[in-house]
Amino acid sequence: MSQFSALAREGLWHQNPALVQLLGLCPLLAVSNSVVNALGLAIATLLVLVGSSSVVSLLRHQVPGSVRLPAFVMIIAAFVTCAELLMAAYAYPLYQVLGIFIPLIVTNCAILGRADAFASRHPPLIAAFDGLMMGLGFAAVLVLLGALRELLGQGTLFSDMALLFGAAANSWEMVIIADYQFLFFLLPPGAFFVAGLLIALKNAIDQANAARANPVDAAATTERRVRVTGMIK
């Protein structure tokens, strides 16, 4: 259980693919202008990550080292195709909105990196759990980024959720600010800005936790900074 707990902490926080490893940023920033777009891509990425990690682990002793990476890419591509077909069948309007970014999951370095660095070296259950945690960590950042950009960009939350959940989700939209639009946050520059704020917030939380855990080290660091500043003056 301690190993699973460690994997959960790594995937959700300490080694989060989006906030720490900074992998898969292309789809993360491109389609996260609303909650529904972010959630659709997050679900697809999560399914691919769990499925590919499990299969790579099962085949880890059968794949020769000389063709390891091409084989892993083929496995990931197979799961991406399955996710793409499922979305086209059950959420076609959202599939049209996401467009090329569903097939581009194949090139997501977070997925290939976990397949090569972790799944190919661990048993299937552990590899699947690692893929689940990494996928949830990526999905959480993606959905949070989409919610912030939608709120700051057009003053709403959960708009157009019918694209994913059908007509029953039309009533889910929350209008926070009526007749409002800030185009900057809906465009790629706004995605970089909000993502940078999230990364800075995580770093600040980590530093605060480290300071609470080691107050002596934090005090020594502060004292050294004061001395250096005094010498410069």
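Residues numbered from 1 in each chain as written. Predicted model: local features only at pLDDT ≥ 70, side-chain atom pairs only at ≥ 80, totals over all residues. Heavy atoms only, no water.

Participant: Can you tell me about the overall build of the chain, naming the residues and giving the values?
Facilitator: Within the chain, the regular secondary structure consists of 11 helices and two strands. A fraction of 76% describes how many contacts in the chain between residues 6 or more apart in sequence connect residues 24 or more apart. Accessible surface computed for the chain: about 12,500 Å², of which carbon and sulfur atoms make up 69%. Measuring between centres, the 12 positive side-chain charges of the chain sit 15 Å from its 11 negative side-chain charges. (Helix = DSSP H or I, 4+ residues; strand = E, 2+ residues; numbered from the N terminus. Contact = heavy atoms within 4.5 Å. Areas by Shrake-Rupley, 256 points an atom, 1.4 Å probe, with all protein chains shown as cover. Lys, Arg positive; Asp, Glu negative; His and termini not counted. Charge placed at Lys NZ, Arg CZ, Asp CG, Glu CD.)

Participant: Kindly report on the layout of surface pockets, identifying the contributing residues and their values.
Facilitator: Empty space left among the atoms is revealed by rolling a probe the size of a water molecule over them. Approximately 160 Å³ is the volume found for the second largest pocket. Together, Gly40, Ile43, Ala44, Leu47, Ala83, Leu86, Met87, Tyr90, Ala91 and Leu164 line the second largest pocket. Grouping the amino acids of the lining of the second largest pocket by side-chain chemistry returns nine nonpolar, one polar and no charged. (1 Å grid on protein atoms, 1.4 Å probe; cavity = no way out; pocket = protein on both sides within 12 Å on 5 of 7 lines; lining within 4 Å. Points joined across faces, edges and corners; volume = space filled by probe spheres on them. Nonpolar A, V, L, I, M, F, W, Y, C, P; charged D, E, K, R; others polar.)

Participant: Give a description of the packing of helix H4 (residues 68–90) against helix H6 (residues 109–117) that names residues and reports values.
Facilitator: Interhelical geometry of H4 versus H6 gives an angle of 130° and a closest axis separation of 10 Å. By the criterion of interaxial angle, the relationship of H4 to H6 is oblique. Seen from above, H4 lies across H6 with right-handed handedness. Residues Arg68, Leu69, Phe72, Val73 and Ile76 of H4 form the contact with H6, whose own contacting residues are Ile111, Leu112, Ala115 and Asp116. Class assignment of the residues belonging to the contact of H4 with H6 gives a composition of seven nonpolar, no polar and two charged. (Axes fitted to C-alpha atoms, helices over the stretch in contact; angles between N-to-C directions. Parallel < 35°, antiparallel > 145°, perpendicular 65-115°, else oblique. Left-handed = near helix turned anticlockwise from the far one by under 90°.)

Participant: Explain the nonpolar core to me, using residue names and the numbers behind them.
Facilitator: Nonpolar side chains in soluble globular proteins tend to be buried together. The biggest cluster of nonpolar side chains holds 40 residues, and the ones touching the most others in it are Leu28, Val48, Ile105, Leu142 and Leu145. Contributing elements (two or more residues each) for this core: helix H2 (25–30), helix H3 (35–58), H4, helix H5 (92–98), helix H7 (124–154) and helix H10 (188–213). Ranked by the residues each element gives to this core, the list is headed by H3, at eight residues. When near neighbours in sequence (up to four residues on either side) are disregarded, Val48 contacts Ile76, Phe79, Val80, Ala83, Ile105 and Ile111. Within the second largest apolar cluster, six residues are counted, among which are Val56, Phe72, Ala115 and Ala127. (Core = buried A, V, L, I, M, F, W, Y, C linked by side-chain atoms within 4.5 Å. Buried < 20%, exposed > 50% of the residue type's maximum accessible area, 1.4 Å probe, protein only.)

Participant: Break down empty space enclosed by the protein for me, citing the residues and quoting the values.
Facilitator: Taken as a whole and judged by the stated rule, the model has one cavity of 30 Å³ or more. Reported here for the largest cavity is a volume of approximately 30 Å³. Those elements that place two or more of their residues in the lining of the largest cavity are H3, H6 and H7. Looking at the lining of the largest cavity element by element, the count peaks at three residues for H7. Here the residues of the lining of the largest cavity sort into six nonpolar, three polar and no charged.

Participant: Account for the UniProt feature "transmembrane region" (unreviewed entry) in the chain, naming residues and giving values.
Facilitator: UniProt marks residues 38–59, 71–91, 97–113, 125–145 and 182–201 with the feature "transmembrane region" (unreviewed entry), using the numbering shown here. From the first C-alpha to the last, residues 71–91 spans 30 Å; its make-up is 95% helix and 0% strand. The span residues 97–113 shows a helical share of 41% and a strand share of 0%, and its end C-alpha atoms are spaced 27 Å apart. (UniProt positions renumbered as here; feature names shortened; annotations may be inferred.)

Participant: Describe the packing of H3 against H6, listing the residues and the values that go with them.
Facilitator: Packed helices, taken two at a time, are described by the angle between their axes plus the distance between the axes. Taken N-terminus to C-terminus, the directions of H3 and H6 make an angle of 20°; their axes are 9 Å apart at the nearest point. Relative to H6, the element H3 is oriented roughly parallel. Of the two possible hands of crossing, H3 and H6 adopt the one that is right-handed. Residues Thr45, Val48, Leu49, Ser52 and Val56 of H3 touch H6, and the partners they reach there are Ala110, Ile111, Arg114 and Ala115.

Participant: Provide a residue-level description of the pattern of salt bridges, including the pertinent values.
Facilitator: Between side chains of opposite charge, a pair can form when the charged atoms approach closely. One pass over the structure, following the stated rule, counts three salt bridges. With a shortest N-O distance of 2.7 Å, Arg68 and Asp116 are connected by a salt bridge. Of this pair, Arg68 sits in helix H4 while Asp116 is found in helix H6, placing the two residues 48 residues apart along the sequence. Overall, the relative accessible area of 28% leaves Arg68 in the partly exposed class. (Salt bridge = Lys/Arg side-chain N within 4 Å of Asp/Glu carboxyl O.)

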